[in-house]
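# Residue-level structural notes
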Amino acid sequence: MIRLAIILVGAAILACLPFFTGAVFMQFAINALILAVLTQSWNIIGGFTGYVSFGNSTFYGLGIYGTAVAMVKFSLPFAVGLGCGAVLAVLAALLIGIPILRLRGPYFAIATLGLAAATGALVSTIDLAGANTGLVLPLVRADTMFYELALGLLLVCTLTVLWIATSRFGAGLVAIREDEDAAATMGVNTTAYKVIALMMSAFFTAIAGGIYAYWISFIDPSSAFDPTLNVRMVIMAVFGGPGTVLGPLAGSFILSAVYEVLSSWISTAAALLFGIVIVLAVIFTPRGIADVLVGVRRHGWRYLTRNIRENRL
Amino acid sequence: MLLVQILVNGVLLGGLYGLMGLGMALVWGVLNVVNLAHGALIMLGGYLTYYLFTGLGIDPFVALPIAALGMFVIGYCLQRFILNLIVRSAMLNTLLITFGLSVVITYLAQLLFSADFRTINPTYSGANFAVAGITIPVVSLAAFVIAFVLAGAVWWLLNEMTIGRAIRATAQNLTAARLYGVDPRNIYALTFGIGAALAGVAGGLFGILTHLTPYVGATLTAKSFVIAIIGGLSNPFKVILGGIVIGVAEQLASLYLGPTYIDVISFGLLVVVLVVRPARSLRAA
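The written sequence of each chain sets the order in which its residues are numbered from 1. Lettering for chains starts from A, numbering for ligands starts from 1, and both go in the order in which the items are written. This being a predicted model, a pLDDT of at least 70 is required before a residue's local features are given, and a value of 80 or more before pairs of side-chain atoms are given or counted; all residues contribute to the totals for chains, interfaces and linings.

Test applied: UniProt positions are given in the numbering used here, feature names are shortened, and annotations may be inferred rather than shown by experiment.
The name recorded for chain A in an unreviewed UniProt entry is Branched-chain amino acid ABC transporter permease, from Pararhizobium mangrovi. Checking UniProt for chain A, the heading Subcellular location (unreviewed entry) contains the comment "Cell membrane".

Structural data, given as structure tokens:
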């Protein structure tokens, strides 16, 4: 209940922001919101289910291309384009998910890593998708609309994650994360649960991609299937607290802001910082910053070394 | 004739791939850590060789052992001072931390070496000879031989030396090894260091045969992983064989389907292999 209140009040405050801020801030804010959606979507498969996916940028790319091809090649309206991208990504998640979700731990992670590399290469050979040169979408200057769209999507995505966190379905996902064999023994249909989680993740990721495509209005394979985007999803979710409702939001907003400040000096330094953040987060706060606040209050600063004491050699 | 030439190219390239997989398989088998920074370490070894060659004028093949030593020190320190802190936690966490390390190494490399393409280009890099109409590049052949020699060295180390026995003992039963006076912190760091040294040699050879950028790491990690799975974690020579399988498959794919499909092939093979070959046969160090 408290979480629901925080989400709704936060969304209401954010919804008013465009009326007080300038165009430069809007650019940053739309990017940050889209990244937050990606992080929150990754949280469904990576955080709750415990399957570290490096392939979510594939769904993002499919969302981008589904929307762009529908709008450019078939002159369909934006809303239909979004739907096409989402259907494409969800179908892909279903078809890819059934074989590769049989793989666990590192096998799954590397298979998705290969998937991300393969799809980008494949799309650049398809003529309908503009091959290597990419596609140009109709230009619209409506930053406020894109901002509110992205915010709305983030709200729906977060409410879905909140539902997952409190539902029987979510309990099943967490059971799979903690011990998949035990979960299966307890009667959880693990295959169906995992595939549905990946499809939900793909759905929100693809819609975010569609919004991004229309907003940025030019797309090509290397930007649509950018693997560094996956890096950011994983880092932001892990930093914020994987498997929590608000953690990924906090993680992505904080890191987006830090990234923005740093990249105005040197962009490489910003990317480097991301790597350092994930190393430190895994060592000191594997449950995310959300848990630090609780843990430090309860155990004092010894909380920060607890993970090392338990898992060092 | 073209087919035979392609097969020979694939086998020669496969030796290098096997060498990449070897370091990954060793660390995985002993530490039970899938090192997602392995490709980044290969890349780093390549740049080390590059700068030893262009900066100090050392012949690349003389520079390889120096690069290997440098990478050993880096690998030892990474494991001893960072990875050992959390090495016993769930595999999810070791995946994430090595992934973070790969990001750090990649962007440090971009800062230090710039994003330009680099090739280690000694005077003899284009030299080749022909056997029965088949062209054999000298450098590829050298890489192939080095891969086999190093696989032999790893086999000898693990099976014939005291330190190798300690490594195998630690892999089998950490507590028992400790009771017999083995310090697992040191053994883990040594193993990771050896893995990094093998990656360093592979990176140097990779830089001579193709070109280096700071971003090659992710693809090479995925490739090394596939090779380690095909070859298994128990026998170094089988890992080289796994590399040859991938090398030949890639060359055939780029001949018949076009070079775009090279990455698709390794990925497809990975899924096929994982479905066909059960994972339990992997850990038998």
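Let us keep going from here.
## Things to note about the overall build of chain A
What counts here: A run of DSSP states H or I qualifies as a helix once it reaches four residues; a run of E qualifies as a strand once it reaches two. Both are numbered from the N-terminal end. Radius of gyration: C-alpha atoms only; globule rule: 2.2 Å multiplied by the number of residues to the exponent 0.38. Every C-beta atom is placed from the backbone, and the number of other C-beta atoms within 10 Å of a residue's own sets its class: buried at 20 or more, exposed at 12 or fewer, partly exposed in between. Any two residues are considered in contact once their C-beta atoms, placed from the backbone, lie within 7 Å.
Scanning chain A from N- to C-terminus turns up 15 helices and two strands. Relative to the globule expectation of 20 Å for 313 residues, the C-alpha radius of gyration of chain A, 19 Å, shows essentially globular dimensions. Counting all 313 residues of chain A, 50% fall into the buried class. Long-range contacts, defined as pairs at least 24 residues apart, comprise 77% of the intrachain contacts of chain A with a sequence gap of at least 6.

## As for the overall build of chain B
A tally of helices and strands in chain B yields 11 helices and two strands. The N-to-C order of helical and strand elements in chain B reads α-α-α-α-β-β-α-α-α-α-α-α-α. Its C-alpha atoms give chain B a radius of gyration of 18 Å, near enough to 19 Å, the size a compact globule of 285 residues would have. Seen along its three principal axes, the alpha-carbon backbone of chain B occupies a region of about 60 × 45 × 35 Å. A burial count over chain B gives 53% of its 285 residues as buried. A separation threshold of at least 6 residues defines the contact pool for chain B, and within that pool the share at least 24 residues apart is 79%.

## Quick look at the interface of chain A and chain B
Just so we agree on the cut-off: When residue character is reported, Ala, Val, Leu, Ile, Met, Phe, Trp, Tyr, Cys and Pro are called nonpolar, Asp, Glu, Lys and Arg charged, and the others, Gly included, polar.
Of the residues lining the interface, 38 residues belong to chain A; the matching set on chain B comes to 40 residues. Listing elements by their share of the side of chain A that touches chain B, those giving two or more residues are helix H4 (78–100), helix H5 (105–123), helix H11 (227–240), helix H13 (267–284) and helix H15 (303–311) of chain A. Per-element accounting of the side of chain A that touches chain B gives the leading share, 13 residues, to H5 of chain A. Taken together, the residues of the side of chain A that touches chain B sort by class into 29 nonpolar, eight polar and one charged.

## Considering the packing of helix H3 (residues 60–82) of chain B against helix H8 (residues 184–209) of chain B
Residue and element names in this part refer to chain B. Heads up, the condition is: For helices, the fitted axis covers only the stretch in contact; all axes are lines through C-alpha atoms, and the angles between them, taken along N-to-C directions, range from 0 to 180 degrees. Rotating anticlockwise by less than a right angle from the far helix to the near helix defines a left-handed crossing, while the corresponding clockwise rotation defines a right-handed one.
For the pair H3 and H8, interaxial distance at closest approach is 6 Å and the crossing angle is 145°. Once H3 is placed against H8, the crossing between them reads as right-handed. Across the contact of H3 with H8, the residue classes tally to 20 nonpolar, seven polar and two charged.

## Points about the UniProt feature "transmembrane region" (unreviewed entry) in chain A
Residue and element names in this part refer to chain A. Within the UniProt annotation, "transmembrane region" (unreviewed entry) is assigned to residues 6–25, 32–54, 74–95, 107–126, 146–165, 195–215, 235–258 and 265–284. Taken end to end, residues 6–25 comprises 70% helix and 0% strand; its first and last C-alpha atoms sit 23 Å apart. Span residues 235–258 is 75% helix and 0% strand, its end C-alpha atoms 13 Å apart.

## Here we look at the pairing of strand S1 (residues 128–131) of chain B
Residues and elements named next belong to chain B. To keep it simple, the criterion reads: DSSP bridges decide pairing: two strands pair if at least two such bridges lie between them.
Across four bridges, the pairing between S1 and strand S2 (residues 134–137) is antiparallel. Paired with Phe129 across the two strands is Ile136, which belongs to S2. In sequence, S1 turns back onto S2 through a hairpin of two residues, with Ala132 there showing a positive phi of about 50°.

## As for the packing of helix H2 (residues 23–48) of chain A against helix H12 (residues 247–263) of chain A
Axes are the key here: two packed helices are described by the angle between their axes and the distance separating the axes. All names here are of chain A. The following threshold applies: Roughly parallel here means an angle under 35 degrees, roughly antiparallel means over 145, roughly perpendicular means 65 to 115, and every remaining angle is called oblique.
Two elements in contact, H2 and H12, have axes whose closest approach is 9 Å; the angle formed by their N-to-C orientations is 140°. Put simply, H2 runs oblique to H12. Viewed along their axes, H2 and H12 form a crossing whose handedness is right-handed. Every residue of H12 that contacts H2 at Phe28, Ala32, Leu35, Ala36, Thr39, Gln40, Asn43 and Gly47 is listed here: Pro248, Leu249, Gly251, Ser252, Phe253, Ser256 and Glu260. Looking at the contact of H2 with H12, its residues break down into seven nonpolar, seven polar and one charged.

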